[in-house]
Each structure stands twice: as structure tokens, then as C-alpha cells.
Number of protein chains: 2
Amino acid sequence: MDLSGAEFRRAGYALVDWVAAHREGMAELPVRPSVEPGSIRAALPAALPDAPVADVGAALTSLLDDVVVPGSLLWQHPGFFGYFPAQASLLSLLGDIASGGIGSQGMLWSTAPAGTEIEQVLVDGFATALGLGEAFTFAGGGGGSLQDSASSAALVALLAALHRSSPAWQETGIEGTERVYVTAETHSSLAKAVRVAGLGSRALRIVPFSPGTRVMDADALAEHMSADRAAGLRPVLVCPTVGTTGVGAIDPVRAICGVAQGVWVHVDAAWAGVASLCPEFRYVLDGAELADSVCTDAHKWLGTAFDASFLWVRDGRALPAALSITPEYLRNAATDSGAVVDYRDWQVPLGRRMRALKLWAVVHGTGLDGLREQIRAHVALTTSLATRIEAEPGFALAAPPSLALVCLHLTGPDGSPDDAATRAALEAVNADGDSFVTHTTVDGRYAIRVAVGALGTGPEHVDRLWQALRAARD
Amino acid sequence: MDLSGAEFRRAGYALVDWVAAHREGMAELPVRPSVEPGSIRAALPAALPDAPVADVGAALTSLLDDVVVPGSLLWQHPGFFGYFPAQASLLSLLGDIASGGIGSQGMLWSTAPAGTEIEQVLVDGFATALGLGEAFTFAGGGGGSLQDSASSAALVALLAALHRSSPAWQETGIEGTERVYVTAETHSSLAKAVRVAGLGSRALRIVPFSPGTRVMDADALAEHMSADRAAGLRPVLVCPTVGTTGVGAIDPVRAICGVAQGVWVHVDAAWAGVASLCPEFRYVLDGAELADSVCTDAHKWLGTAFDASFLWVRDGRALPAALSITPEYLRNAATDSGAVVDYRDWQVPLGRRMRALKLWAVVHGTGLDGLREQIRAHVALTTSLATRIEAEPGFALAAPPSLALVCLHLTGPDGSPDDAATRAALEAVNADGDSFVTHTTVDGRYAIRVAVGALGTGPEHVDRLWQALRAARD
């Protein structure tokens, strides 16, 4: 039922050409689509075809041109400043083509030895390059993996924490006394992990910020944990964030590890952690070497197409101990020997693609120095924008800029945030198709987030956004 | 930091050529690698490069030739009969290239309108083509999604079941009285879902088989649930399997739905469900139209490279109701309108690729008739093999063949299963590199599983396996 090699060459070249042309011409397209809910469904045939189309490559590129591109928010567009970047480099696409071509299933070492070991080498190499220290490498007794997302990484870290806190968890489940510590800036994936793991929202403790900041107050954390323990509750996980989604706040990981007293510390550095590749930004992961697990995404600001989220753990046995269940049909000599890593035991799904190849292509295609250069360039662009915001009448920073993220308000005559004007400015900016930004709230006030980090974003794109923001004010 | 369009064209063509040549020549390669644990890690440089390599396309194809192929179990090989098939068709690879090229993040409708709606159209179309009925389509108030795996599908179905059974679950979590009903043939992903969701293994009820079979006894299920209710316990989920991993057993879904009495029924048809595309195999999903959720994998026997697992639910609101958490930075007008599907609320991860494109390419490239043809061909090959096993001295079926799966024993002089001989035969077959099979146990006796379903498997490959099995006996 499949294409022949010759047919695949022809259609594959056509797809490669289409992707190249799409990326080359993307800056001329509107970053944001104008489509109404349901319009795309209504335009597509409801029934699936019984017979094949004549030329599936041509049919697919037509679908891309006619339906997908006009109906998509273009995350790879140089004017994309929304959410966080989701860099899908062409380099990583080479690795993904290879992964699909091999088509292996990496649930066990024995079902994908090369995929497993290439991944091990890469996660060890990145642990070193990020300065996490040997404890997080396989050589040092820890280990890493490429998860599908930081959400899943947080979930499995929580499961390992529950297991370490009480091995009976595997048999009797949640007791109801478990508690998890976050801040109001922590990503919603932690609340979701707590829900999925059956703890219920009552288990989530929102630790206050240090005064005048949006970062976790380590003293308050100590007090919360102490009070909970006194009340018969059981702290199981603390999650400091390195670069929160709202404003890019960086929790004091070192201080938090200092008060955690054996409670599992999971560092969610999904967006910002990769900046630690640069010596001058290594401070973002300060103290992370003391944590139990650390996550940062290769699929945000490290060029690698979704999905590829690093998760390192200090104890390389922790995830298998928590998650492994081995039915007869998965038993094999390599697993029984204890000499291999079976990545199914590091995640919820059983199957997995060979994610390592796309990351391999990125780091070999651009080098660590290439990754460092783009991180520096994006931070410089953001710093420059923040300087202009601060100097400009009618604008104010909503929070200190953090690496390549800056949040801003439009302000009223008295200099205080003007929610209506800020919201109107966001809508005006997003309406013209050159730039795309999203929002958050800071201390209850509406703020525009500018996350610099699309692969092609340069000074001219930030300038254009800034002109649009100023025009919206005027 | 990325490739230019011209560079991507050159390297992309090279990767396409590599994949085409790999698939064309694969039958000549050993299906199973001979590598020792750790040998691949030891052979790769530990440190990541600071500078880029000169030609990343060439470096990547060298890695594939020198490390990946010799170090991989070749799941796409026509002699692959292990586990279940994991068809990664070249058709689906076309769609995956497109997905990577677009590089969108499908967490919300508003972040990927086209990706969301193309997925909705496809899952509705397949619900119809499989005969599941309108109740599982968006038009009928239900809906579907493409999950990463049947494991994740089972987990989110369980979470929806927990929420429906007790909405307080979101706040107070697991009570400890919840119970989940499976059989000894149910896939380990259900035990894992129960563990992940915090129920603990005590929540798992193993319902006996009907006498002389390996399928769930619906009467025994009714008795178990009734006894549990009388003991103050709370049945939340029943999971019948359509095509168990061990022997391909098909639980009586209709009878199970008849006794479930409002308890969520999740049909795990991961491998076998797609057979229902053929009218003569529609019986496999008989009764599934009465269930609450149904899963079947496009990435096993439907040509679509991992990951792409269908999950349909009868109540299209059930998963968002159970899973949605909306921080300020994800709020948007389309979501607030209630007129769209935000697929992040159907899964644990926040982000998602545009999985729909690879499935679109498969069904348009081969047509439903092409999918039906290969299912029929694989079933016919299996039936023929089973006939030969039954007729052959020294062999016996370990269970009735099911679609494209047959399990066998080697037998001793008295005709009873000979575990040592069966194990030795598996090792002999797998040693020569032509064929690869895996094992299970049936009533405690070691059995070889032959799962026919690699894309290129034809009569000659089954013949060769059969010759190898007979040679191992002799």
C-alpha cells in the first residue's frame, strides 16, 4: 500500500521544496490567520476517500497552500512573539526525516539500541554543556531523557517523588496528605500534573512571592512545609521555575533546595534553561545541581522541532522504580541484565520515536556556539526593546525583562497601567499580520508579553513590532 | 543558526534519497542488530561540538549508515513479526515533513486552527469508516483526537471516568475506593494508568476469563462490580480489549457494556480496531458503539508513523471537563466562545504537533480500499500460517489465531507444550536475521507470537519464517 522508493523520492523532493519555499517566503505572509471557527471543517470533504488520489504529493502541497497555511498561526514567522518560541529548525527536520525513515519503536533498549544510546549520549552531553554537573549524567548515576513536553516531565517527576516519599504509593495510591509547592507564576502544567496524579487541587500549595518580586520566597516555603508537616501532611514535591511563562521570573533554586530537606525538587526551566549554554547566563540554573530533577525544552529555544523536552534526574533509577511494569511480552535479556536503559520506564507512553536524531542534527549542524549566538542575539534584541519601553511616554515595563522576554503595559496619564489601552494595543498589533504577541496579567493588570525567539527574528522585526505598539498608543 | 532554503533542499533531498534507499534495500539487512549494551555509547564522542560540522546532511547519513542501522531492530523490515507492527509508511512521512515545515503548536484552536479542524475531520471520518456510529463524531456530540499512544489514551479515559464518577476528584483527588476492571490479558498500560492516576494497584480488579477462553467473563464482571459496590467501593472504569497483546483475544464488548451500568467503558482496540474498516472484520468492534471511549492506533496497522493513536469519546465535553486548566496566558476569544476544540484539554501535554497531516497523507495516498487490502492480505497470510502450524507435527497453536496474530508452541512427544523447545526455537529464528518474533505466555506456557503486519511482508517472508521454525524443531 505504500509508495515505491521512486515515488517517495519524487514526492519527498516536492515536500522538501515546499518547506524550503514556505520558510523563504514566510515573512511576507500574515503571521496570524483570519479564520472563523468551523470554516475549515466546513470546507473539507466529510467522507474519507475509498480510492487513492492520483498524486498524493501534489494533493498534500495543495492542502498546505489552500488550507493549512491560510489557516495557521505561523509559529516560525519572524514576527512571532507570542507564548514562547517553538523553534522547528530545518536542521531538526532533517533528523526527523531520518527518524521516520528508520521507523523504530524505542520502548526498550532491545527494540531500539541505537536510538536509546544516542539519546543517552546527547542528554549527558547537554547536562555537561549546561553546567548541570556530572550527577545528572548516566556516568554519574543520574540520567536524562527526551520527553514529549515539560508537562509530561513534570508529571513523571511528581510520580517519582510520590514513590520516593512512600513506596506504598504503587499499591495503595494517593493518601490525601501529599502536598506540592509552587507559586502563582508556576506553569499550569504543575496544577495539571497534580490533578492527573490524583492528588486533587487541595494538594497544591501556592507559596508567596518574596516581597516586591514574582519569585518564590524560600523562607515562606520553609514555613509552609513545616506547618504542613505539623498538621500531619506530607510534602512531596517543590517546583521552582526558571523563567516563568508569565514574566520570566527565576525562582531562587539554590535557596529552595536548601530548605527542601529531602522533598523532591523539580526545576521547571522549560523555556529559559537552555540559556545556561552561555557562561554569562549560567546563573539561571544556579543551584539546579542540587535539585532532584531538571527540565528544559529543546523544542522552544534550542532549534529542535516539537517534541523534545529534556528531563534529567539525579537518581537514574528513580523513574524506572516508580513507573516500570513488565508484562511477559516485554521481558528480554537486556532488560533482565540491568545493563540498559529502557526509556518506556521514564514516561507514560510505551512507544517512542527516535527523538534524538533531530537534536543530533541541530547540535551538529550549528554547534553549541551557534546555539549560544542565537540566544545572545535574542537577549540583546529584548534588552534593547526593554530600554525603549522604559524611555517611552505611555509605556511601562510590567516586570523586569528576563532574557528574551519582556512584558509591558500601556499607561494612563498618571503613569499607571491602563488595561483597556493595553488590550486595545495587543489587538491592534495582532490585527495587521506583521507581528503576533500574547498577554498575561501582572498583579492583576493586563500586560503584553513579547517573547523574542523565532528562528528568523532580527532587529527589523523587533523594530516593526515597536512601531506597531507606538502606533497603537497614538 | 538554521539552514538556508538552498541548503535545506540539498540536505533534504539527500535524506529523502537515504530513506528511499534504506527502504528499498532493507530486506537484505538483518532485521535484528547484534550490539552489546553500551557499545554504541562507547563509540560516540562524549562531548558535543562547539562548531558545526562541515556538511550536516552527510554527517547525518553517515551516522545512519554507521551507527543507527547496524544498531537498530528494523521494525519496517518485511521479516519483522515481533510485538505488533509499527507501520511507518513513506506516505505518512510526507505528512510529517509538512508538519515539521509548518512547525505549529496545536495546544489551542487559536494557535493552530487548520491543524485542529483537519484532525477533527479525519477522526470523524474514521469513526464513520470503522462503523463506530455518529455518537463518536463531533457532529453527534462526541468527538475524537489523535493521541500519542494507546497508553495515554487509556490514561485520559480513566481521568475522564474518575471525573464523571465524582466531580470532587478535581479538588480532593483519589479516595481509595475507586476500582478498575480488566483481565489478565489486558495491556500493561492499564495497570500503568491506574498507577499514574494515583489509584494504586489495589484498584485493579482482574476479572476472570470465560471458561476455556482468554476473554472477559461479563457475568463475572457483573458479580465483581456488585460485590465491590456492596463493600463500599466505587467502580469507575471497565476496559475490554479488542485484540489483546498476548494472543489477540477479543473481549465481549457488547455484553460488558450491558452490565457496566453507567461505569465508564473504555475499549482498548489499539492493534485490532482498524480491522473494522473491512466489513468482514467489523465484528471486532461489535458493541463498541455502546462504550464511552474507544481507542485504536493509526501507528500500528494503519500505515501512520508513530505517534498517532485515535481516541474517541461519546461525550465530547468529557475530556475538557476533566482536564482543562486555563491560566491567563492561554485565554483567548475562540476558547471563550465555546465554539472550538482545544486539543490540549484532551491530553496531558500542552503542546502538540500537527499529527493529522501524516494520517491525511496515508488515507489520501492509498485510500480506504488500500488500507482494507493490506489488512485482508495480512489476515490471509496469518490464517495460512495457522493452518500449517496446526497440521505440522511438533507444533501446536497456543490460542486461536486472531486476525493477523498467531501464537504457537513447540510440543513434546506427548503433544503438550515444550517450553524449552519453544524458547530455543525463538532464539534460533531470531539469530539468523531473516525474521524476528517475540513471545508471551499462555496459561503459564511459553509461546511464540507471530504478528504479521510490516508494510512489505508478503507470502515469501511468512514462508521463510515457517521454514526457520521447522528447522528449529528438527
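What counts and how
Residues numbered from 1 in each chain as written. Chains lettered and ligands numbered in written order. Predicted model: local features only at pLDDT ≥ 70, side-chain atom pairs only at ≥ 80, totals over all residues. Heavy atoms only, no water. Helix = DSSP H or I, 4+ residues; strand = E, 2+ residues; numbered from the N terminus. Rg over C-alpha atoms; globule rule 2.2 N^0.38 Å. Contact = heavy atoms within 4.5 Å. Areas by Shrake-Rupley, 256 points an atom, 1.4 Å probe, with all protein chains shown as cover. Lys, Arg positive; Asp, Glu negative; His and termini not counted. Charge placed at Lys NZ, Arg CZ, Asp CG, Glu CD. Salt bridge = Lys/Arg side-chain N within 4 Å of Asp/Glu carboxyl O. Buried < 20%, exposed > 50% of the residue type's maximum accessible area, 1.4 Å probe, protein only. Disulfide = S-S within 2.5 Å. Core = buried A, V, L, I, M, F, W, Y, C linked by side-chain atoms within 4.5 Å. Pairing = 2+ DSSP bridges. Buried area = accessible area lost by both parts, 1.4 Å probe. Polar contact = N/O pair within 3.5 Å; in protein donor to acceptor, adjacent residues only side chain to side chain. Nonpolar A, V, L, I, M, F, W, Y, C, P; charged D, E, K, R; others polar. Axes fitted to C-alpha atoms, helices over the stretch in contact; angles between N-to-C directions. Parallel < 35°, antiparallel > 145°, perpendicular 65-115°, else oblique. Left-handed = near helix turned anticlockwise from the far one by under 90°. Least-squares fit on C-alpha atoms with pLDDT ≥ 70 in both. Expected span 1.5 Å × (residues − 1). Bend = angle between axes of the 7 residues up to and from the residue. Domains from an automatic or database assignment. Phe/Tyr/Trp six-rings, centres within 6.5 Å; stacked < 30°, edge-to-face > 60°. Lys NZ or Arg CZ within 6 Å of the ring centre and 35° of its normal.

J.: I'd like a rundown of the overall build of chain A, residues and numbers included.
T.: Each helix and strand in chain A was counted, giving 16 helices and 11 strands. The C-alpha atoms of chain A give a radius of gyration of 24 Å, which matches the 23 Å a tight globule of 474 residues would have. Projected onto its principal axes, the C-alpha positions of chain A cover 70 × 60 × 45 Å. Expressed as a percentage of contacts within chain A between residues at least 6 apart in sequence, the contacts between residues at least 24 apart total 72%. Summed over its atoms, the accessible surface of chain A is roughly 14,400 Å², and 53% of this surface lies on carbon and sulfur atoms. Taking the average location of the 34 positive side-chain charges in chain A and that of its 51 negative ones, the two points are 3 Å from each other.

J.: Lay out the pattern of salt bridges in plain terms, naming residues and giving numbers.
T.: Throughout the structure, instances matching the rule amount to 60 salt bridges over all chains. Where Asp307 of chain B meets Lys358 of chain B, a salt bridge forms, and the shortest distance between an N and an O atom there is 3.6 Å. With Asp307 of chain B in the loop between α11 (298-301) and β7 (309-313) and Lys358 of chain B in helix α14 (residues 356-391), this residue pair connects regions lying 51 residues apart in the sequence. The pair formed by Asp307 of chain B and Lys358 of chain B is uniform in burial state, with each residue classed as buried. Salt bridges sharing common partners tie together Asp96 and Arg353 of chain A together with Asp96 and Arg353 of chain B.

J.: So what about helix α10 (residues 253-260) of chain A? Which residues, and what values?
T.: All names here are of chain A. Among the residues of α10, Val253, Ile256, Cys257, Val259 and Ala260 are the ones counted as buried. Buried positions along α10 lie against α9 (218-230), β4 (234-238) and β5 (264-268). Looking one or two residues beyond α10, the residue adopting positive phi is Gln261, at roughly 50°.

J.: Report on the side chain of Thr116 of chain A, specifying residues and quantitative values.
T.: Considering the arrangement of structural elements, one finds Thr116 of chain A in helix α5 (residues 113-129). Sequence-distant contacts of Thr116 of chain A, defined by excluding residues within four places in its chain, comprise Leu108, Trp109, Val341 and Tyr343 of chain A.

J.: For the state of the cysteines, give the residues involved together with the corresponding values.
T.: Covalent bonding between the sulfur atoms of two cysteines defines a disulfide. All names here are of chain A. Throughout the structure, instances matching the rule amount to 0 disulfides over all chains. Cys257 takes part in no disulfide bond, and the closest cysteine sulfur, belonging to Cys239, lies 11 Å away. Cys239 provides the cysteine sulfur closest to Cys295, a residue in no disulfide bond, and the two sulfurs are 9.1 Å apart.

J.: Help me get a handle on the nonpolar core, residues and values and all.
T.: Judged by nonpolar contacts, the single largest core of 308 residues is most densely connected at Ile118 and Phe126 of chain A together with Ile118 and Phe126 of chain B. Residue contacts for Ile118 of chain B: discarding those within four places in its chain leaves Ile40, Leu44, Leu63, Val67 and Val68 of chain A together with Ala356, Leu357 and Trp360 of chain B.

J.: Account for the environment of Ser309 of chain B, naming residues and giving values.
T.: Residues and elements named next belong to chain B. Structurally, the position occupied by Ser309 is in strand β7. Distance in space between the C-alpha atoms of Ser309 and Thr296 is 6.0 Å, their sequence separation being 13 residues. Those residues in contact with Ser309 that sit more than four places away from it in its chain are Ser145, Leu146, Gln147, Asp148, Ser149, Ala150, Cys295, Thr296, Asp297, Ala298 and His299.

J.: Lay out the pairing of strand β6 (residues 293-297) of chain A in plain terms, naming residues and giving numbers.
T.: A regular strand places its side chains on the two faces of the sheet in alternate fashion. Residues and elements named next belong to chain A. Counting buried residues in β6 gives 5 out of 5 residues, a clear majority hidden from the surface. Residues of β6 alternate between two faces, with Ser293, Cys295 and Asp297 on one and Val294 and Thr296 on the opposite face, all of them buried. The pairing of β5 with β6 spans 3 bridges and is classified as parallel. Residue pairing in the sheet places Asp268 in a bridge with Cys295 of β6. Summarising the sheet, β6 and strand β7 (residues 309-313) pair through 5 bridges and their orientation is antiparallel. Across the sheet, Thr296 pairs through a bridge with Phe310, a residue of β7.

J.: If you had to explain the pairing of strand β5 (residues 264-268) of chain B to someone new, which residues and values would you point to?
T.: Within β5 of chain B, 5 of the 5 residues are buried, which leaves it mostly tucked inside the rest of the structure. By the alternation rule, side chains of β5 of chain B split into Trp264, His266 and Asp268 of chain B and Val265 and Val267 of chain B, which are all buried.

J.: Describe in detail the interface of chain A and chain B, supporting the description with residues and values.
T.: On the side of chain B, 156 residues touch chain A, which itself brings 157 residues to the contact. Summed over both partners, the interface of chain A with chain B buries about 13,200 Å², with 67% contributed by carbon and sulfur atoms. It is Met1, Arg195 and Tyr329 of chain A that lose the most area in chain A upon contact with chain B, and together they represent 7% of the buried surface on that side. There are 10 salt bridges connecting chain A and chain B. In this structure, Arg372 of chain A and Asp50 of chain B form a salt bridge, with 2.9 Å as the shortest nitrogen-oxygen distance. On inspection of chain A and its partner chain B, the count reaches 63 residue pairs in polar contact (both at pLDDT 80 or more). Residue composition of the side of chain A that touches chain B, grouped by class: 86 nonpolar, 47 polar and 24 charged.

J.: Provide a residue-level description of the environment of Ala275 of chain B, including the pertinent values.
T.: All names here are of chain B. Turning to its location among the elements, Ala275 is positioned in the loop between β5 and β6 (293-297). Given the relative accessible area of 0%, Ala275 is considered buried. Between the C-alpha atoms of Ala275 and Gln374, which are 99 residues apart in sequence, the distance is 9.9 Å. Apart from the residues lying within four places of it in its own chain, the contact partners of Ala275 are Phe281, Trp301, Ile375 and Leu403.

J.: So what's going on with the packing of helix α15 (residues 419-431) of chain A against helix α16 (residues 459-473) of chain A? Residues and values would help.
T.: Residues and elements named next belong to chain A. Viewed as axis vectors pointing N to C, α15 and α16 meet at an angle of 130°, and their least axial separation amounts to 9 Å. By the criterion of interaxial angle, the relationship of α15 to α16 is oblique. Judged by the sense of rotation from one axis to the other, the crossing of α15 with α16 is right-handed. Listed contacts from α16 to Ala425, Ala428 and Val429 of α15 are Leu465, Ala468, Leu469 and Ala472. Residues that form the contact of α15 with α16 fall into these classes: 7 nonpolar, no polar and no charged.

J.: Just give me the short version of the relation of the copies chain A and chain B, but keep the residues and values in it.
T.: Superposition record for chain A on chain B: RMSD 0.0 Å, screw rotation 180°, translation along axis 0.0 Å. This pairing of chains is accounted for by a two-fold axis. Take the interface residues of chain A: 99% of them recur as interface residues in chain B, which is what a same-surface contact looks like.

J.: How would you explain helix α14 (residues 356-391) of chain A if you had to name every residue and give the values?
T.: In a regular helix each residue adds 1.5 Å, so 36 residues correspond to 52 Å; α14 of chain A covers only 45 Å between its end C-alpha atoms and thus falls short of that length. Most pronounced at Gly367 of chain A, the bend in α14 of chain A amounts to some 85°.

J.: Account for the domain arrangement of chain A, with residues named and values stated.
T.: All names here are of chain A. Each assigned domain of chain A is listed with its residue range as follows: domain 1 (5-30 + 33-72), domain 2 (104-352) and domain 3 (363-473). Taken over C-alpha atoms, the centre of domain 2 sits 30 Å from the centre of domain 3. Domain 2 puts 23 residues into the contact, and the matching count from domain 3 is 22 residues. Between domain 2 and domain 3, roughly 1,800 Å² of surface is buried when both sides are summed, and carbon and sulfur atoms account for 68% of that area. Of all residues in domain 2, Arg214, Val247 and Trp301 give up the largest surface area on contact with domain 3, accounting jointly for 33% of the area buried on that side. For the pair domain 2 and domain 3, the interface holds 8 residue pairs in polar contact (both at pLDDT 80 or more). The element that contributes the greatest number of residues to the side of domain 2 that touches domain 3 is α5, accounting for 3 residues. Taken together, the residues that form the side of domain 2 that touches domain 3 break down as 17 nonpolar, 4 polar and 2 charged.

J.: Can you lay out the packing of aromatic side chains for me, pointing to particular residues and giving the numbers?
T.: Residue and element names in this part refer to chain A. Taken as a whole, this structure holds 23 aromatic pairs over all chains when the rule is applied. Ring plane angle 40° and centroid distance 6.3 Å describe the contact between Tyr83 and Phe436, whose orientation is recorded as tilted. Of this pair, Tyr83 sits in the loop between α3 (56-68) and α4 (90-102) while Phe436 sits in the loop between α15 and β10 (438-442), and the two are 353 residues apart along the sequence. Taking the relative accessible area as the measure of exposure, Tyr83 reaches 10% and is therefore buried. Judged by its relative accessible area of 7%, Phe436 is buried. Among the aromatic residues, those joined into a ring-pair cluster are Trp75, Phe80, Tyr83 and Phe436. Here the guanidinium or amino end of Arg449 rests over the ring plane of Phe84, the centre of that ring lying 5.0 Å away.

J.: Outline the packing of helix α1 (residues 5-25) of chain B against helix α3 (residues 56-68) of chain B, supporting the account with residue identities and numerical values.
T.: Residues and elements named next belong to chain B. At their nearest, the axes of α1 and α3 sit 9 Å apart, and the two run at 20° to each other. By the criterion of interaxial angle, the relationship of α1 to α3 is roughly parallel. For the element pair α1 and α3, the recorded crossing hand is right-handed. Counted together, Ala11, Ala14, Leu15 and Trp18 of α1 and Gly57, Leu60, Thr61, Leu64 and Asp65 of α3 form the full contact between these two elements. A class-by-class count of the residues in the contact of α1 with α3 yields 6 nonpolar, 2 polar and 1 charged.

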